[in-house]
Amino acid sequence: MENLLSQARALLQGSATVTVFSGAGLSAESGLSTFRDKQADALWSRFDPAELASVQGFEKDPGHVIEWYNWRRKIHADAQPNAGHRALAQRDTFLHVTQNVDNLLEKAGVPAGNIHHLHGTITRDRCHNPSCCHEEAVELANPAPMRQCPLCGQLMRPAVVWFGENLPESTWIQSRELCRQTDCLLVVGTSATVYPAAGLIHLARQHGSKIIVVNNETTGASELADIELIGSAGNILPRLLDNVAICPQ
Ligand code: OAD
């Protein structure tokens, strides 16, 4: 591992731009369940995504969906950044494309403007009416129950992307651009199974980016990696990034 870590550091040191592409594994050590790894408590092994993360599921039983997100929000309210988030936050030149709907990168000190939330955020609600799209911040510890949009009267819903929905357009365009231009893509804690997000790893590679993968198991991203560091993000990222001169700019 030490040898791989020093190769990865050398690769980062030779990169003028670094983009971090993260998934649920980055927040696992903060107590937030992942979706589909081998852990018994992975969300999609306990709950049905068709019921809870699709427009059809919401329209069939909105109260159930909102109750589930509010349960998750209360867990998120208490979650704190782990050593992986903190190590990333030390690097203020890194730009982030994350599939995570939590706010732990922000809590760790990464400026909000440096983070592209591809799958939206659990910290906000928006109107379900696509031609209204009124948004409101949500108090995670005390989220509002099911309610109507104050502007158009349709139901409010979490401002996250559900299966079958498009990614937020400008976030997607900017994320693609970052991945086309970056010198190094640091892929952390994702199964790389959900598209189009996972396609960003292929895109970066096609445009000449080096790929470093940090994950506690091999995934679809493994074969794209120049260097793969198998282990937990909270253990590997500080060892990779702390006290190392990276990125001259
Ligand atoms: P997944 O749950 O699919 O994958 C998480 C990955 O992180 C797995 O490969 C785990 O083995 C790994 N992992 C777990 N703990 C780790 C740790 N401490 N350190 C490093 N790696 C760890 O999560 P995502 O890839 O983020 O979509 O899932 C993508 C999307 O699927 C999510 O954004 C969500 C979900 O449905 C939406 O909410 C739209």
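Residues numbered from 1 in each chain as written. Predicted model: local features only at pLDDT ≥ 70, side-chain atom pairs only at ≥ 80, totals over all residues. Heavy atoms only, no water.

Quick look at the pattern of salt bridges now. Two side chains that carry opposite charge are able to pair once their charged atoms sit near each other. All told, the structure shown has 9 salt bridges when counted by the stated rule. For Arg180, the salt bridge is made with Glu177, and the minimal N-O distance between the two is 2.8 Å. Residue Arg180 and its partner Glu177 are located together in helix H9 (residues 169-181), separated by 3 residues, close to a single helical turn. With a relative accessible area of 34%, Glu177 lands in the partly exposed category. One salt bridge connects Asp226 with Arg205, and the closest N-O pair in it is separated by 3.4 Å. Here Asp226, found in the loop between strand S8 (210-215) and strand S9 (227-230), pairs with Arg205, found in helix H10 (residues 199-206); they are 21 residues apart in sequence, far enough to count as distant. What makes Asp226 partly exposed here is its relative accessible area of 35%. Residue Arg205 is classed as partly exposed on the basis of its relative accessible area, which comes to 35%. (Salt bridge = Lys/Arg side-chain N within 4 Å of Asp/Glu carboxyl O. Helix = DSSP H or I, 4+ residues; strand = E, 2+ residues; numbered from the N terminus. Buried < 20%, exposed > 50% of the residue type's maximum accessible area, 1.4 Å probe, protein only.)

Here we come to the side chain of Ser27. Mapped onto the elements, Ser27 comes out in helix H2 (residues 25-28). Classification of Ser27 by relative accessible area gives buried; the value is 1%.

As a further point, take the domain arrangement of the chain. Structurally, the chain comprises domain 1 (1-32 + 81-119 + 167-249) and domain 2 (36-78 + 122-160). Domain 1 puts 12 residues into the contact, and the matching count from domain 2 is 13 residues. It is Leu32, Val101 and Glu217 that lose the most area in domain 1 upon contact with domain 2, and together they represent 46% of the buried surface on that side. Counting across the domain 1 and domain 2 interface gives 0 salt bridges. (Domains from an automatic or database assignment. Contact = heavy atoms within 4.5 Å. Buried area = accessible area lost by both parts, 1.4 Å probe.)

Okay, the packing of helix H1 (residues 2-13) against helix H11 (residues 233-241) next. Helix-helix packing: each pair is described by the crossing angle between the helix axes and the interaxial distance. Contact geometry for H1 and H11: axes closest at 9 Å, N-to-C directions at 55°. As summarised for this structure, H1 and H11 are arranged oblique, according to the angle between their axes. Crossing of H1 over H11 shows right-handed handedness. Here Glu2, Leu5, Ala8, Arg9 and Leu12 of H1 lie close against H11, whose contacting residues are Ile236, Arg239, Leu240 and Leu241. (Axes fitted to C-alpha atoms, helices over the stretch in contact; angles between N-to-C directions. Parallel < 35°, antiparallel > 145°, perpendicular 65-115°, else oblique. Left-handed = near helix turned anticlockwise from the far one by under 90°.)

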